[in-house]
Amino acid sequence: MSIDKAPMIGILGGYGRVGAAAARFLAAERGYRLRIGGRSAEKAWRIARKLGACAEAMVVDARDNQSLTHFTRGCVTVLDCSGTAFSLRGQVRASVLAAGVHYVGMTDDGGSRTSAGACSAVLFTGLSGTLAGWVPRWLAEGLDSATRFSGWWGGLGAIPPHTAVSCLLGKRHAVDLPGDDHPDAAPACSDAVPSAEARSGPLPQEFASPAPPPAHAAAVRRVLPEELRQQAYLLRLREAHWHEVLKGPGVPAFLDRFALQHPAADDGRALMAAARELAEESLRDAAGSSPYQVMYGTLDGLTPEGAPVRRSALLHCTDVTGLVGVVASTTAHEVTRGRVPSGVHVMAATLPPTATADWIVRHLPRTTAQTTEVPHGDAGMMTSASPTAWRRG
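A few points on the structure. It should be emphasised that the depicted structure is a prediction, and the values quoted were computed from it without experimental measurement.

## Here we look at the sheet that holds strand β4 (residues 77-80)
Within a sheet, neighbouring strands are paired by backbone hydrogen bonds and run either parallel or antiparallel to one another. Strand order in the open sheet made by the seven strands is β3-β2-β1-β4-β5-β6-β13, with parallel pairing throughout. A single partner strand is all that each edge strand has here, and the edge strands are β3 (55-59) and β13 (343-346). Geometrically, the sheet is characterised by an average inter-axis angle of 20° between neighbouring strands, direction not taken into account. Where strand β1 (residues 8-12) meets strand β2 (residues 33-38), five bridges bridge the pair, whose relative direction is parallel. From the neighbouring strand, Met 8 faces β2, where its bridge partner is Arg 33. This element, helix α4 (residues 91-98), spans β1, β4, β5 (102-105), β6 (120-123) and β13 of the sheet and lies at about 160° to β5.

Below, the structure written as structure tokens:
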């Protein structure tokens, strides 16, 4: 396809950490024109020049509806990595959709999730929730039925401020479950009273850090993200569990305080201040350690032949911001290609199961994304044996 005829994706905040990463990954696919937008012309052009002939730059102020309308002209999709969406309470999304352009937001903007028009809108609800909703779908692909899912996610690394906003917004919809050394004790749809308590417990060996471990222990929180509750219903799971492994002390202590204070949903200023504090704590926690993210999950189910199996998934990467950027880029890719229906969706439910794993390892160096399948009581075999499914570090 000629570059002049390739679909245009506009990236608000395209020179920020997440936006620049997403732009780089989309440019590598060689199927898009990219418009890098922000309030600084110099920063936008700096990124556009690095991306080459497929990219251009444009000054845009997301708070100015006229400026935003000018930016969206000619775009098929707008990827919003600006970090201002929540403070504007859905105005950016509404303006983009009104122009007949698809919208992908890297923050849950707090606006209505009611469908509006023929375009698609997809919202990021935090890395933990997005993985919790995507991984069961990845593992269930090709199974006749599934019964039980258990997942672990965590690591070390600086959290970008607007990614922290999505993290905190996701906490509003998640159910915190009491700490328990036996992770199978809670059902998928527990009505347990939310608790800020976190207890240390045995971790899967996949959570061993590649760098010398910090002096403090990991805090393990059992939570039930909204995205996992939805997938548990759609997959008809009898049980679903999710664990967040937080290596502190700063981030776990901050989340304890946030659970007690819990700013009002419409208090954007307080939420943004909390997000900045979370980002600063994550930076302090990660000091002196190599950044990494690990996700490990298991799903029990039946093959089409009726054989009981246990599938496991492992995702490991060393680029925390890159992982968020790659999720943003693959979502924008799916939306632009017309594979997401009209209406408002969350990323966890729209990411294509296997294709997302392939996209992650294709664009992030030193990344592993693999699945295994084990018949009950027998040795298993790796099912993601293709070169694109596992890149050695």
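## Some thoughts on the nonpolar core
Grouped together as the largest cluster of nonpolar side chains are 67 residues, with contacts concentrated most on Ile 11, Leu 34, Leu 51, Leu 79, Trp 134 and Trp 242. Leu 34 has contacts with Met 8, Ile 9, Ile 11, Ala 23, Leu 26, Ala 27, Leu 51, Cys 54, Ala 55 and Glu 56, leaving out every residue within four places of it along the chain. One finds Val 101, Tyr 103, Ala 121 and Val 344 within the second-largest nonpolar core, a separate group that totals 20 residues.

## Points about helix α10 (residues 320-336)
The end-to-end C-alpha distance of α10, which contains 17 residues, comes to 25 Å, matching closely the 24 Å that a straight helix rising 1.5 Å per residue would cover. Burial analysis of α10 places 17 of its 17 residues in the buried class, the great majority of the element. Among the residues of α10, the N-terminal cap falls to Asp 319, whose side-chain oxygen and the backbone nitrogen of Thr 321 are separated by 3.5 Å. Looking one or two residues beyond α10, the residue adopting positive phi is Gly 338, at roughly 75°.

## Remarks on the environment of Glu 141
You can see Glu 141 is positioned in the loop between α5 (127-140) and β7 (145-156). For the pair Glu 141 and Thr 354, spaced 213 residues apart in the sequence, the C-alpha separation amounts to 8.1 Å. At 2.4 Å, the side chain of Glu 141 and the side chain of Thr 354 are in polar contact.

## Here's the deal with the packing of aromatic side chains
Evaluation of the coordinates by the stated rule reveals three aromatic pairs. Between Trp 134 and Trp 138 the ring centres are 4.9 Å apart and the planes differ by 10°, which places this aromatic pair in the stacked class. Taken as a pair, Trp 134 and Trp 138 lie in helix α5 at a separation of four residues, close to a single helical turn. Each member of the pair Trp 134 and Trp 138 is classed as buried. Taken together, a centroid distance of 6.3 Å and an interplanar angle of 15° make the contact between Phe 149 and Trp 242 stacked. Linking Phe 149 in strand β7 with Trp 242 in strand β10 (residues 239-247), this pair joins segments that are 93 residues apart in sequence. Note on Phe 149: relative accessible area 0%, which makes it buried.

Rules of the game
- Residues numbered from 1 in each chain as written.
- Predicted model: local features only at pLDDT ≥ 70, side-chain atom pairs only at ≥ 80, totals over all residues.
- Heavy atoms only, no water.
- Pairing = 2+ DSSP bridges.
- Helix = DSSP H or I, 4+ residues; strand = E, 2+ residues; numbered from the N terminus.
- Axes fitted to C-alpha atoms, helices over the stretch in contact; angles between N-to-C directions.
- Contact = heavy atoms within 4.5 Å.
- Core = buried A, V, L, I, M, F, W, Y, C linked by side-chain atoms within 4.5 Å.
- Buried < 20%, exposed > 50% of the residue type's maximum accessible area, 1.4 Å probe, protein only.
- Expected span 1.5 Å × (residues − 1).
- Polar contact = N/O pair within 3.5 Å; in protein donor to acceptor, adjacent residues only side chain to side chain.
- Phe/Tyr/Trp six-rings, centres within 6.5 Å; stacked < 30°, edge-to-face > 60°.

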